[in-house]
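Understanding the architecture of this molecule
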Number of protein chains: 2
Amino acid sequence: MYRIGVDLGGTNIVSAVVDENHKIIAKASTPTLAPRPAEEIFDDIAKTIKEAVSKAGITMSVIESIGVGTPGSVNKEKELIEFANNLGFDNTPAYKLLRERTGCNNVYFDNDANCAALGEAVAGAGKGVKNFVAVTLGTGVGSGIIVDGKLVTGVNYTAGEMGHMVIVWNGEQCTCGRRGCWERYSSATALIQQTRDAMVIDPFTKMWDIVEDGDIRKVNGKTAFDGMRAGDATATKVVEKYMGYLACGLVNIINTFQPEILCVGGGVGNEKENLLGPVRKLVKAQTYSIHAEKQTKIVPAELGNDAGVIGAALLDS
Amino acid sequence: MYRIGVDLGGTNIVSAVVDENHKIIAKASTPTLAPRPAEEIFDDIAKTIKEAVSKAGITMSVIESIGVGTPGSVNKEKELIEFANNLGFDNTPAYKLLRERTGCNNVYFDNDANCAALGEAVAGAGKGVKNFVAVTLGTGVGSGIIVDGKLVTGVNYTAGEMGHMVIVWNGEQCTCGRRGCWERYSSATALIQQTRDAMVIDPFTKMWDIVEDGDIRKVNGKTAFDGMRAGDATATKVVEKYMGYLACGLVNIINTFQPEILCVGGGVGNEKENLLGPVRKLVKAQTYSIHAEKQTKIVPAELGNDAGVIGAALLDS
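Residue numbering note: each chain is counted from 1, following its sequence as written. As they are written, the chains are lettered A onward and the ligands numbered 1 onward, keeping that order. Reporting of local features is limited, given that this is a predicted model, to residues whose pLDDT is at least 70; pairs of side-chain atoms are given and counted only at 80 or more, and all residues count toward the totals for whole chains, interfaces and linings. To obtain the side-chain values, all non-hydrogen atoms of the structure were included, while hydrogens and water were left out.

Moving on, we come to the overall build of chain A. Secondary structure elements follow DSSP: runs of H or I of four or more residues count as helices, runs of E of two or more count as strands, with numbering from the N terminus. Broken down by element type, chain A carries 10 helices and 13 strands. Along the first, second and third principal axes, the C-alpha atoms of chain A reach 60 × 50 × 35 Å. Here's how the labels work: a residue is buried when its accessible area is under 20% of the maximum for its type, exposed when over 50%, partly exposed in between, all with a 1.4 Å probe on protein chains only. In chain A, buried positions account for 58% of the 317 residues. In what follows, residue pairs with any heavy atoms lying within 4.5 Å of each other are defined as contacts. Here the contacts in chain A between residues at least 6 apart in sequence split such that 59% fall between residues at least 24 apart. Here chain A has roughly 12800 Å² of accessible surface; of this, 50% comes from carbon and sulfur atoms. Averaging the positions of the 32 positive and the 37 negative side-chain charges in chain A gives two centres separated by 3 Å. In this description, accessible areas are obtained by the Shrake-Rupley approach with a 1.4 Å probe, and a residue is regarded as covered only by the protein chains that are shown. Positive charges come from Lys and Arg, negative ones from Asp and Glu, while His and the chain ends are left out of the count. By convention, the point assigned to a charge is CZ for Arg, NZ for Lys, CD for Glu and CG for Asp.

What follows is the structure in structure tokens.
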């Protein structure tokens with residue numbers, strides 16, 4: 001039994017054939033080239049699906065279902081993508097467009113962060129666990145919540161936006177319109193900004209040698225960590241402050257859900273134990289449940305970029 | 001069919017007979033007199049249960065189950081109340097103590113805020129709804145979460161502590177050890193403190209006339225609202241700032257869960273539309289899901305103090 005998972009991203013479309021053990025058998029991708037008419041984007045989705053099926057050495061007839069992770073919000077009753085800013089979608093009849101182009105009736109859509117969380121929950125860091133939260137530290141802070149084995153989608157399928165929980169009252173302006181959202185402090189984008197701010201203040205920090213060409217525009221999510229590893233005090237301060245913000249949001253999540261496992265992935269998440277070791281200590285000092293026998297385990301994500309397509313393929317289950 | 005719900009509070013023990021329509025048939029109560037030996041407290045719980053049963057004109061033989069809402073955390077596997085600071089309980093074998101004293105084998109325990117949320121979800125503001133969050137603005141900020149018709153209790157039954165979500169980075173010291181928790185800004189306790197602070201700064205505010213005996217110690221959660229209603233500018237500012245903090249936490253909850261209904265109760269919640277009208281506007285301006293067709297409804301709690309015993313009686317379902 002095979003399913004298709006599609007990651008419809010702002011930059012690339014990735015389709016994969018996933019087997020019943022949640023393993024990817026074959027993959028195909030193409031640039032999204034958004035914004036352009038939805039019909040054209042769905043033509044390309046169908047093309048990558050067929051390419052992946054062909055690479056897998058199977059035919060569409062053995063495909064049980066197609067699941068798509070999309071930016072924005074999905075209206076499952078009306079079978080629309082209601083709004084996806086970076087794709088230029090507005091009440092797009094996504095289910096219909098996909099069925100017409102693939103001949104497959106069992107199509108499912110959900111938010112991309114939710115798909116990634118579902119993938120990690122079922123086939124990755126949360127395997128075997130029923131209560132699980134996944135956090136992704138990338139351009140923003142994405143999150144997906146699994147309670148009792150099921151995605152928490154809320155009344156309008158836009159739940160799980162914990163990156164847009166305010167942790168700094170009247171703090172930095174967020175793209176969502178609020179001020180002080182967690183993602184303004186704990187995303188890779190935020191870490192890069194915090195790193196640059198510190199470099200501007202300290203002309204002697206080793207981070208100037210670490211960053212490519214000494215060019216502040218080339219700072220990335222690793223720069224401050226590399227500086228810390230080189231023993232630089234300014235870099236260490238940047239990392240420690242960043243970890244403080246990260247721990248703050250993670251404790252908010254734990255006090256809310258007390259999940260069995262809380263997994264952290266995304267670009268900054270690649271620091272794994274360098275990041276999670278100290279963060280666990282900060283979290284432990286703050287959680288409300290200190291008297292409980294069982295505690296949430298904070299672990300690195302396991303599936304990397306594959307979480308999204310694997311999770312999308314799982315949308316029918 | 002009848003069930004017993006018990007609200008084991010730091011001040012009073014309240015037991016109620018609840019019928020299958022979630023109506024309270026009879027109630028009995030006694031002071032908790034905590035801290036004292038758990039055996040004595042459970043003697044009194046059994047006494048109030050028997051008194052309520054007798055008042056209801058029934059016998060223990062028709063009681064299906066007994067549910068207890070308790071402060072602190074419950075370990076359901078080990079059948080203990082792990083820790084309840086204000087009762088002086090520490091790994092107390094609560095299930096056994098209750099069974100021995102009542103002859104009823106079907107006994108259930110959960111956190112009191114969770115019970116109140118379950119009561120509102122099933123028999124009050126959330127009747128007929130599967131995804132629901134209840135917030136109580138009292139001494140602290142309590143919250144309980146219902147996803148897919150079930151209480152979210154987490155791996156250690158201490159989930160739902162959204163009052164201890166930080167909204168003000170490095171803000172006011174909270175009793176839980178963190179700084180800037182929502183309950184430090186949106187509880188009745190916090191509103192009273194904010195009211196007093198404003199009165200100290202403004203000797204001409206009408207709130208000095210409103211508060212009993214002009215005594216700042218007698219400020220309560222209504223004082224600032226009464227001042228606002230009397231057209232006082234300082235009082236209006238206090239209320240507006242308080243509403244801002246409240247809306248901030250509510251939006252955090254909505255961005256996380258997108259529940260069908262979010263109900264607000266507790267002492268300050270008694271202001272109902274005076275509070276919720278303006279707060280709804282603040283929330284609407286901030287939620288992430290503005291493009292979704294369906295939105296969370298923010299409504300007042302309906303069951304008042306009865307939510308806890310009704311919810312406790314529902315713990316077996």
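With that settled, consider the nonpolar core. What tends to happen in soluble globular proteins is that the nonpolar side chains get buried as a cluster. Ranked by size, the top nonpolar core spans 94 residues in total, and within it Leu-250 and Leu-275 of chain A together with Leu-250 and Leu-275 of chain B carry the most contacts. Ignoring sequence-local partners within four residues, the contact set of Leu-250 of chain A consists of Val-135, Trp-182, Leu-262, Val-264, Val-279, Val-283 and Ile-298 of chain A. Nonpolar core, defined: a set of buried Ala, Val, Leu, Ile, Met, Phe, Trp, Tyr and Cys residues in which side-chain atoms within 4.5 Å join the residues together.

A word on the relation of the copies chain A and chain B. Aligned on chain B, chain A shows an RMSD of 0.0 Å; the corresponding rotation is 180° and the shift along the axis is 0.0 Å. Here the copies are linked by what is in effect a two-fold axis. Most of the interface of chain A is mirrored in chain B, where 100% of its interface residues are also at the interface. All copies are superposed by least squares; the fitting set is the C-alpha atoms of residues with a pLDDT of at least 70 in both.

Here we come to helix α10 (residues 306–313) of chain B. Residue and element names in this part refer to chain B. The element α10 is largely enclosed, with a buried count of 7 among its 8 residues. Buried within α10 are the following residues: Ala-307, Gly-308, Val-309, Ile-310, Gly-311, Ala-312 and Ala-313. Looking at the buried residues of α10, the elements they touch are β1 (2–8), β2 (12–19), β3 (24–31), β4 (63–70) and α3 (112–123).

Turning to the sheet that holds strand β5 (residues 73–75) of chain B, a few remarks are in order. Residues and elements named next belong to chain B. Strand order in this open sheet of 3 strands is β5-β6-β7, and the pairing throughout is antiparallel. On the outer flanks of this sheet lie β5 and β7 (89–92), each paired with one strand and no other. On average, each strand axis in the sheet is tilted by 20° relative to the strand beside it, whichever way the strands run. The strands touched by helix α2 (residues 94–102) are β5, β6 (80–84) and β7; relative to β6, the strand with the most contacts, the crossing angle is about 120°. Think of it this way: DSSP has to see at least two bridges between two strands before they count as a pair. Between N-to-C directions, angles span 0 to 180 degrees; the directions come from axes that are lines fitted to C-alpha atoms, helices contributing only their stretch in contact.

Turning our eyes to something else, we now look at the domain arrangement of chain A. Residue and element names in this part refer to chain A. Each domain's extent was defined by an automatic or database domain assignment. Each assigned domain of chain A is listed with its residue range as follows: domain 1 (2–119 + 306–316) and domain 2 (128–300). A straight line from the C-alpha centre of domain 1 to that of domain 2 covers 28 Å. Contacts between the two partners involve 12 residues from domain 1 and, on the opposite side, 14 residues from domain 2. Values labelled buried area give the accessible surface lost by two parts on being combined, using a 1.4 Å probe and summing over both. Summed over both sides, the interface of domain 1 with domain 2 buries roughly 920 Å², with 58% coming from carbon and sulfur. We count a salt bridge whenever a side-chain nitrogen from Lys or Arg sits within 4 Å of a carboxyl oxygen from Asp or Glu. In this structure, the connection of domain 1 to domain 2 is made through 0 salt bridges. Any N or O atom pair separated by 3.5 Å or less is treated as a polar contact, with the protein-specific requirement of one donor-capable and one acceptor-capable atom, and with residues adjacent in sequence counted only for side-chain atom pairs. Applying the counting rule to domain 1 against domain 2 returns 1 residue pair in polar contact (both at pLDDT 80 or more). For the side of domain 1 that touches domain 2, the elements supplying multiple residues, two or more each, are β5 (73–75), β8 (107–111) and α3 (112–123). Classification convention: Asp, Glu, Lys, Arg as charged; Ala, Val, Leu, Ile, Met, Phe, Trp, Tyr, Cys, Pro as nonpolar; all other residues, Gly among them, as polar. Its residues assigned to classes, the side of domain 1 that touches domain 2 comprises 5 nonpolar, 4 polar and 3 charged.

Another aspect to go through is the pattern of salt bridges. Once their charged atoms are close, side chains differing in charge can pair, the charge on each being opposite to the other. This structure, assessed with the given rule, holds 42 salt bridges over all chains. The partner of Asp-226 of chain A in a salt bridge is Arg-229 of chain A, and the shortest N-O contact between them spans 2.9 Å. One end of the pair is Asp-226 of chain A and the other is Arg-229 of chain A, both in helix α7 (residues 223–229) and 3 residues apart, which spans about a single turn. For Asp-226 of chain A, a relative accessible area of 23% puts it in the partly exposed group. Residues Lys-76 of chain B and Asp-110 of chain B are paired through a salt bridge, measuring 2.9 Å at the closest nitrogen-oxygen approach. Here Lys-76 of chain B is found in the loop between β5 and β6, whereas its partner Asp-110 of chain B is found in strand β8 (residues 107–111), with 34 residues between them in sequence. One network of salt bridges, in which partners are shared, links Arg-36, Glu-40, Asp-44 and Lys-47 of chain A.

It is worth spelling out the confidence of the model for chain A at this point. For every residue, the predictor reports its confidence as pLDDT, a number between 0 and 100. Averaged over all residues, the pLDDT of chain A is 95; the fraction at 70 or higher stands at 100%. Predicted complex metrics record ipTM = 0.92 and pTM = 0.93.

Time to look at the interface of chain A and chain B. Tallying the contact residues gives 45 residues for chain A and 46 residues for chain B. Between chain A and chain B the total buried area reaches about 4200 Å² when both faces are included, carbon and sulfur atoms providing 57% of it. Sorting the residues of chain A by area buried against chain B places Val-155, Trp-169 and Arg-178 of chain A first, and these three jointly supply 17% of that buried surface. Between the two partners, chain A and chain B, sit 6 salt bridges. With a shortest N-O distance of 3.4 Å, Lys-294 of chain B and Glu-77 of chain A are connected by a salt bridge. The interface formed by chain A and chain B includes 36 residue pairs in polar contact (both at pLDDT 80 or more).

To describe a pair of aromatic rings, one takes the distance between the centres and the angle between the planes. Residue and element names in this part refer to chain A. Classification of ring pairs uses Phe, Tyr and Trp, with its six-membered ring standing for Trp, and accepts pairs whose centres are within 6.5 Å; under 30 degrees between planes counts as stacked, over 60 as edge-to-face, and the remaining range as tilted. Taken as a whole, this structure holds 11 aromatic pairs over all chains when the rule is applied. Between Phe-42 and Phe-89, the aromatic rings sit 6.2 Å apart at their centres with planes inclined by 20°, giving stacked as the arrangement. On the criterion of sequence distance, the pair formed by Phe-42 in helix α1 (residues 38–55) and Phe-89 in strand β7 (residues 89–92) is long-range, its members being 47 residues apart. You can call Phe-42 buried: its relative accessible area is 0%. The buried category is assigned to Phe-89, whose relative accessible area is 2%. An aromatic cluster of at least three residues, connected via ring pairs, comprises Phe-42, Phe-89, Tyr-95 and Phe-109.

Right, let's get into the pairing of β3 of chain B. Residues and elements named next belong to chain B. One ladder, built from 7 bridges, connects β2 with β3; its direction is antiparallel. When the sheet's bridge partners are listed, Val-17 is paired in β3 with Ala-26. What sits between the antiparallel neighbours β2 and β3 is a turn of 4 residues, in which His-22 has the positive phi angle 65°.

Residue and element names in this part refer to chain A. Note that Ser-143 resides in strand β10 (residues 141–147). On the basis of relative accessible area, Ser-143 is assigned to the buried category, the value being 3%. There is a polar contact of 2.5 Å between the side chain of Ser-143 and the backbone oxygen of Gly-160. A distance of 3.1 Å separates a polar atom in the side chain of Ser-143 from the backbone nitrogen of Met-162. Among residues more than four places away in sequence, those in contact with Ser-143 are Ala-113, Asn-114, Ala-134, Val-135, Gly-160, Glu-161, Met-162 and Gly-163.

What follows is about the sheet that holds β3 of chain B. Residues and elements named next belong to chain B. Pairing is mixed across the open sheet formed by 5 strands, whose spatial order is β3-β2-β1-β4-β8. Looking along the sheet, the strands with just one partner apiece sit at the ends: β3 and β8. On average, each strand axis in the sheet is inclined to that of its neighbour by 20°, with strand direction left out of account. Contacting β1, β2, β3, β4 and β8, helix α1 (residues 38–55) crosses the sheet at an angle of about 150° to β3. On the sheet, α3 packs against β4 and β8 and is oriented at approximately 100° with respect to β8.

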